[in-house]
Amino acid sequence: MFPIKMEDNLDLMVKWNNKEFDISYIRSNDCVGALKELIFDVTGVRPERQKLLNLKYEGKMPKNELKLSDLNLQKGFKILMMGSLEKDIETASTQPTDLPEVVDDLDVEDVKLDNQEIHFAKVQRRIKEYQINILNEPREGKKLLVLDIDYTLFDHRSVAETGNELMRPYLHEFLTDAYHNYDIVIWSATNMKWIEEKMKLLGVASHSEYRIAFYLDIHAMISVHTPKYGLTQIKPLAVIWGKFPCYTPANTIMFDDIRRNFMMNPRNGLRIRPFRKAHTNRATDHELLKLMKYLRKLALYDDLTEFNHHKWEKYVKRRDENRKRKRDEYSNDTRERRDDDKNSSGDGRGAGTSSDFTECTTP
Ligand SMILES: [Mg+2]
């Protein structure tokens with residue numbers, strides 16, 4: 001499935017906290033930075049916190065750009081590491097407060113991912129090892145909608161007495177409408193307990209009109225390194241596609257307020273406007289209502305990657321204009337018929353049928 005060449009795999013190991021971890025899929029022509037990413041992937045210790053004690057180049061710690069071939073590592077070499085975990089990610093009972101506030105998002109078009117094979121290998125590992133608790137089985141023939149939480153469905157920074165005050169307007173209407181055509185998955189860069197708490201708080205977990213298929217948390221994400229922006233966590237949709245063959249690039253769309261989260265799947269991602277300052281903005285935020293229309297339109301097509309989701313508002317606007325034009329035409333036509341009926345009674349023509357209108361209003 002993925003283009004991994006195994007022949008020059010170094011099969012390194014890392015020893016940390018009295019445990020040993022396999023570092024697969026690393027080759028001699030990969031760089032030290034890529035190795036640190038893989039170590040982060042299996043241990044959770046961020047690259048900047050890793051001290052690789054017995055990895056030296058000319059007596060010093062090697063720089064991230066240096067190729068492993070320059071270090072003359074033997075196949076199966078065991079690296080000794082010191083380093084601390086980011087404990088905040090593991091704290092389940094309280095809201096994480098020190099996650100970075102992302103205002104300036106990455107320009108995905110501008111970002112080139114290096115070490116593609118390593119990223120594919122990480123995705124493979126997630127497919128194999130990440131456990132999904134299925135809440136509701138995939139439904140035959142449905143597409144897939146993957147939703148972020150923070151700033152997409154919920155303003156997680158403002159203070160309020162109830163979750164409803166921070167919930168994005170029209171959330172339940174949106175999910176109810178989307179559920180007709182899409183299975184719904186929630187994917188948030190926090191831990192599972194926090195996701196479950198939020199979904200309960202918002203009434204999403206127990207709503208009678210729609211069901212959530214499953215939740216994904218930060219552990220289903222992978223770390224990638226981009227030359228321009230350094231290390232960052234992203235949400236590769238291939239984790240879902242690998243686990244559920246019924247979901248594919250053709251039938252999946254993901255909404256997230258951070259564009260870099262769909263860096264590996266730009267044709268399947270839609271960057272939603274972030275919902276911040278709930279108390280000020282809730283009266284004017286109609287994003288979910290508009291996106292509801294877009295999802296209805298997409299549901300009619302077999303391949304969602306044919307759409308440029310970056311321009312979703314234009315599609316919705318054009319759809320609204322078409323509907324208005326057709327309604328106007330229908331009204332004019334009806335008026336003319338009424339006038340005709342007045343002038344020539346008993347000719348058998350009615351005043352239009354409901355099916356005429358349905359045809360005009362179908363997305
Ligand atoms: Mg978000």
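Scroll up to find the structure.
Presented here is an overview of the structure given in this document. This structure is a prediction, so every number in the text was calculated from the model and none was measured. (Residues numbered from 1 in each chain as written. Predicted model: local features only at pLDDT ≥ 70, side-chain atom pairs only at ≥ 80, totals over all residues.)

Here's the deal with the overall build of the protein
Then, in step 1: Looking only at helices and strands, one finds 10 helices and 11 strands in the protein.
Then, in step 2: In the protein, which comprises 363 residues, the proportion classed as buried is 31%.
Then, in step 3: Considering only contacts within the protein whose residues lie at least 6 apart along the sequence, 70% involve residues at least 24 apart. (Helix = DSSP H or I, 4+ residues; strand = E, 2+ residues; numbered from the N terminus. Buried ≥ 20, exposed ≤ 12 C-beta atoms within 10 Å, placed from the backbone. Contact = placed C-beta atoms within 7 Å.)

Comments concerning helix H1 (residues 32-43)
Then, in step 1: Spanning 12 residues, H1 covers 16 Å between terminal C-alpha atoms, matching the ideal 16 Å at 1.5 Å per step.
Then, in step 2: Looking at the buried side of H1, the elements it contacts are strand E1 (12-16), strand E2 (19-23), strand E4 (78-82), helix H3 (116-129), strand E8 (222-226) and strand E9 (230-234).
Then, in step 3: Just downstream of H1 lies Gly44, where phi reads positive at about 85°. (Expected span 1.5 Å × (residues − 1).)

As for the sheet that holds E1
Then, in step 1: Read across the open sheet, the four strands follow the order E2-E1-E4-E3; overall the sheet is mixed. Edge positions in the open sheet fall to E2 and strand E3 (51-52), since each of these has one partner strand only.
Then, in step 2: Sheet topology note: the E3/E4 ladder contains two bridges and is antiparallel. Opposite Leu52, over in E4, you have Met81 as the bridge partner.
Then, in step 3: Sheet strands in contact with H1 are E1, E2 and E4, and its direction is about 130° off that of E2. (Pairing = 2+ DSSP bridges. Axes fitted to C-alpha atoms, helices over the stretch in contact; angles between N-to-C directions.)

Looking at unusual backbone geometry
Then, in step 1: Despite not being glycine, Asp11 has its phi angle at roughly 50°, a positive value.
Then, in step 2: Look at Asp11 and you get partly exposed, because 15 C-beta atoms sit within 10 Å.
Then, in step 3: The backbone phi angle of Lys277 is positive, close to 45°, even though this residue is not glycine.
Then, in step 4: Structurally, Lys277 is set in the loop between strand E11 (269-271) and helix H7 (278-281).
Then, in step 5: Classification of Lys277 as exposed rests on a count of 12 C-beta atoms within 10 Å.

A closer look at the pairing of strand E6 (residues 182-187)
Then, in step 1: Within E6, five of the six residues are buried, leaving the element largely enclosed by the surrounding structure.
Then, in step 2: Note on the crossover from strand E5 (residues 143-147) through helix H4 (residues 171-179) to E6: the handedness is right-handed.
Then, in step 3: As judged from the four bridges shared by E6 and strand E7 (residues 212-216), these two strands associate in the parallel manner. Each residue of the ladder has a partner; that of Ile184, found in E7, is Ile212.
Then, in step 4: A crossover links E6 with its parallel partner E7, the connecting element being helix H5 (residues 192-201), and its sense is right-handed. (Right-handed = clockwise from strand over helix to strand, strands pointing away.)

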